[in-house]
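Spelled out from the first residue to the last, the chains are:
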Amino acid sequence: MTFLEVRSDPTGFPMLRVGSFGYLHWLPVTKIQFEHFLCDARDRAFDAQWYKEILALNPRVAPAKISWNNYWHALMTGVLPAEAQRFAFWCGDGYRLPTAEEWNGACLALRNEPVRDLHELGILRDLSPRARDLVIRSEAAAELAASRMGYERRLADQFLMRLGVLEWVTTESGWQALGEPFPSFVGNLFAPETGSPISPRQSNERRLAPLGFRLLYVNDSKDAGPTSEGRV
Amino acid sequence: MGLFDWLRHGREQQNGGITIEPPPPPLPPPGPLPPSLEIFSRSGHGRSSFLMALLFQLRRLNLVWPNYLCWPQDELTEAALKQIHEHVHHGRLPVSTIDSEGTRYDLLLQGLERWGRRRLVVWDRPDPVLSQSQTTLPQDLGWQATACWLLSLADLSAVDLQILDMTFDDLMRARRRTGHDSASQPLRLVVVLTKADALPDLPLTLRRYLKEDNISMALSANDGLLAESKVGSPLLLRSPDALQQYLIGLWRVHEEIQRWMETMLSGQMLVHRAREHHVELRFAIVSATGSGLSTEGLLQIPWSPRRVLDPLFWALELDSSVLHLRPY
């Protein structure tokens, strides 16, 4: 029997320890999480106009209205790698974007695990009502989306590592992306299971609607947020 | 008295024994070759992208066929091919051809394994039958050629999806109007589902077929013959046996698409109507770009065409009167 530790990031969203890789966000970073940062950040760059531009690429959806054909609207996309890094810095020591190897390794490990109950996992514990609503509805929506695609769901699919967004990862060649978005979000034939990341052109300059991210927490210090244990 | 004699004498008697010989019809002026592949497509269904991807891959096929050669037959084609290479390299998407006169590609393909040496003449121009453009039917519309009907299901409205069979009838009517009898000159038609990367309801087997296109991956690679090691398995098509195996797979994919299309009422009616019209119908599925990740006319990741050679293989196979595909 495997046990995974669950912890919360500074916005209260769940992260799970995946093998030796550290804690990985349960979902790609959502708009609700990023809005915590926007309220707190003093950077002039992240102003209302900046967010308006982001929302034009991938509009917002209220957690109560999440469904199989719009759940990606809840996720924070259109960000440049440097902006994702800025969010990670704001989260605190130990938070960073995963490398392609880490992302692939975690995805492989989670693909070997069956789908789990969210309550049993313990990820719903201590969530705010809004975050809880988002996590539960995203799970239901992604399950329907996977069913339309004919995919057999695994734990990696619950993490939205498939049918989520394209996620920024660091590689020796610079910023690349991994994942397989739902085709209605962006048409694609990406195969993250092959482990080959894709290389968007002008990754540091051009905003792309399906490009999001998630964080890895690798610092073992206990002061970055509460932890609990859930059975996996 | 033969039929033609009886007709001639009968006409002479009706005219009081006076023979009225109509002047012989003028010989048609020597013109360009008619298309050997005629593309039909509504605007916005991916014709230009498909042709770009197809021609780009046709230029590189000697990676899988060592004796293969492909060269343009006129300067316009050569210039157009150079432009395609430029576009693919820079990730540019083609501009709409709705208001243009179109581009004619004339290529000689040699060493096409079982199909030998073929001239490929194909137009990228607004479709005179299915598109909403006001163009008149071009004189050189290749009704004798195998027709490719490019169909992007993702771009069809709910109503258009319900009247697919009627759209097919439009095509058949236009052909009949030009004197082509569907019984004595059956249409060879490849229905090509385009932009397949954008179809969420695509059966998993077909999605996998598109994802696992080793030939495209090899042809897209820039490392020449190293491509074989890059795709991790021996390249298909290297031998006649390998090509035969590929065509067997092509047949199975055709059947799989047909089964899927028949789950829609209009798809079912289309197949039935095609049978009624004696159409030799085949289905293929492609993604010319491999993804929809683009902004401002630029693909944001490299072109990654999938299975764009399949429609051409079907056209060559349907044109071939010597060899017939025996799938099982």
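Residues numbered from 1 in each chain as written. Chains lettered and ligands numbered in written order. Predicted model: local features only at pLDDT ≥ 70, side-chain atom pairs only at ≥ 80, totals over all residues. Heavy atoms only, no water.

This part takes up the overall build of chain B. The number of helices and strands found in chain B is 11 helices and nine strands. Considering chain B as a whole, with its 328 residues, one finds that 50% of them fall into the buried category. Restricting to contacts in chain B with at least 6 residues of sequence separation, those with at least 24 account for 73%. (Helix = DSSP H or I, 4+ residues; strand = E, 2+ residues; numbered from the N terminus. Buried < 20%, exposed > 50% of the residue type's maximum accessible area, 1.4 Å probe, protein only. Contact = heavy atoms within 4.5 Å.)

What follows deals with the pairing of strand β5 (residues 166-171) of chain A. Residue and element names in this part refer to chain A. Counted residue by residue, β5 has five buried out of six residues, so it is predominantly covered. The sheet contact formed by β5 and strand β7 (residues 211-212) spans two bridges and is parallel. When the sheet's bridge partners are listed, E167 is paired in β7 with G212. Pairing analysis gives five bridges linking β5 to strand β6 (residues 174-178), with the strands arranged antiparallel. Bridge pairing links T170 to W175 in β6. The turn linking β5 back onto β6 is made up of two residues. (Pairing = 2+ DSSP bridges.)

Buried residues dominate helix α11 (residues 310-319) of chain B, accounting for nine of its 10 residues. Within α11(B), the full set of buried residues consists of B:D310, B:P311, B:L312, B:F313, B:W314, B:A315, B:L316, B:E317 and B:L318.

Looking at the largest pocket, its volume works out to about 1,400 Å³. Contributing to the lining of the largest pocket are 45 residues, with A:S196, A:I198, B:M217, B:S304 and B:R306 lying nearest its centre. Elements that contribute at least two residues to the lining of the largest pocket include exactly β6 of chain A together with α3 (75-90), α6 (204-211), α7 (214-220) and α8 (227-231) of chain B. Of the residues contributing to the lining of the largest pocket, the split by class is 20 nonpolar, 14 polar and 11 charged. Estimated volume of the second largest pocket: approximately 590 Å³. The greatest single-element share of the lining of the second largest pocket, amounting to four residues, is contributed by helix α2 (residues 47-59) of chain B. Partitioned by chemical class, the residues of the lining of the second largest pocket number 11 nonpolar, 16 polar and five charged. (1 Å grid on protein atoms, 1.4 Å probe; cavity = no way out; pocket = protein on both sides within 12 Å on 5 of 7 lines; lining within 4 Å. Points joined across faces, edges and corners; volume = space filled by probe spheres on them. Nonpolar A, V, L, I, M, F, W, Y, C, P; charged D, E, K, R; others polar.)

For the rest of this paragraph, the subject is the sheet that holds strand β4 (residues 118-124) of chain B. Residue and element names in this part refer to chain B. If you walk across this open sheet you meet the three strands as β2-β3-β4, and the pairing is antiparallel. Each having just a single partner strand, β2 (69-72) and β4 make up the two edges of the open sheet. Strand-to-strand twist in this sheet, taken as the mean axis angle between neighbours without regard to direction, amounts to 25 degrees. Here strand β3 (residues 103-110) pairs with β4 via seven bridges, running antiparallel. Across the sheet, the residue bridging to T103 is D124, located in β4. Sitting on the sheet, α2 is in contact with β2, β3 and β4, with an inclination near 155 degrees to β4. (Axes fitted to C-alpha atoms, helices over the stretch in contact; angles between N-to-C directions.)

With that settled, the discussion passes to the nonpolar core. If you look at soluble globular proteins, the nonpolar side chains tend to sit buried side by side. Residue and element names in this part refer to chain B. In terms of nonpolar packing, the biggest core is built from 90 residues, with L58, W65, L189, I285 and F313 touching the most fellow members. Looking at this core, the element that brings in the most residues is helix α9 (residues 240-261), giving nine residues. In contact with W65, not counting residues within four places along its chain, are G111, L112, E113, W115, L237, L243 and F313. (Core = buried A, V, L, I, M, F, W, Y, C linked by side-chain atoms within 4.5 Å.)

Our next topic: the state of the cysteines. Residue and element names in this part refer to chain A. By the definition in use, this model includes zero disulfides over all chains. Unpaired in terms of disulfides, C39 finds its nearest cysteine sulfur in C91, a separation of 14 Å. Using a relative accessible area of 74% as the deciding quantity, one classes C39 as exposed. (Disulfide = S-S within 2.5 Å.)

Our focus in this paragraph is the environment of A:R148. Its location among the elements puts A:R148 in helix α6 (residues 129-149). With a relative accessible area of 31%, A:R148 lands in the partly exposed category. Separated by 80 residues in sequence, A:R148 and A:W68 place their C-alpha atoms 9.4 Å apart. In this structure, A:R148 is in contact with A:W68, A:F182, B:P200 and B:D201, ignoring residues within four places of it in sequence.

A word on unusual backbone geometry. Its identity as a non-glycine residue notwithstanding, A:L163 has a phi of 65 degrees, on the positive side. Following the sequence through the fold, A:L163 ends up in the loop between α7 (155-158) and β5. In the Ramachandran plot, B:E296 falls in the positive-phi region, its phi being about 50 degrees despite a non-glycine side chain. With relative accessibility at 72%, the residue B:E296 sits in the exposed group.

Residue and element names in this part refer to chain B. Compared with an ideal rise of 1.5 Å per residue, which puts 14 residues at 20 Å, helix α5 (residues 164-177) spans 20 Å between its outermost C-alpha atoms and is within 8% of the ideal. Those residues of α5 lying buried are L164, D165, T167, F168, D169, L171, M172, A174 and R175. Packed against the buried residues of α5 are β1 (37-41), β5 (146-151), α4 (158-162), β6 (188-193), α9 and α10 (265-276). One or two residues past the end of α5 sits G179, with phi positive at roughly 90 degrees. (Expected span 1.5 Å × (residues − 1).)

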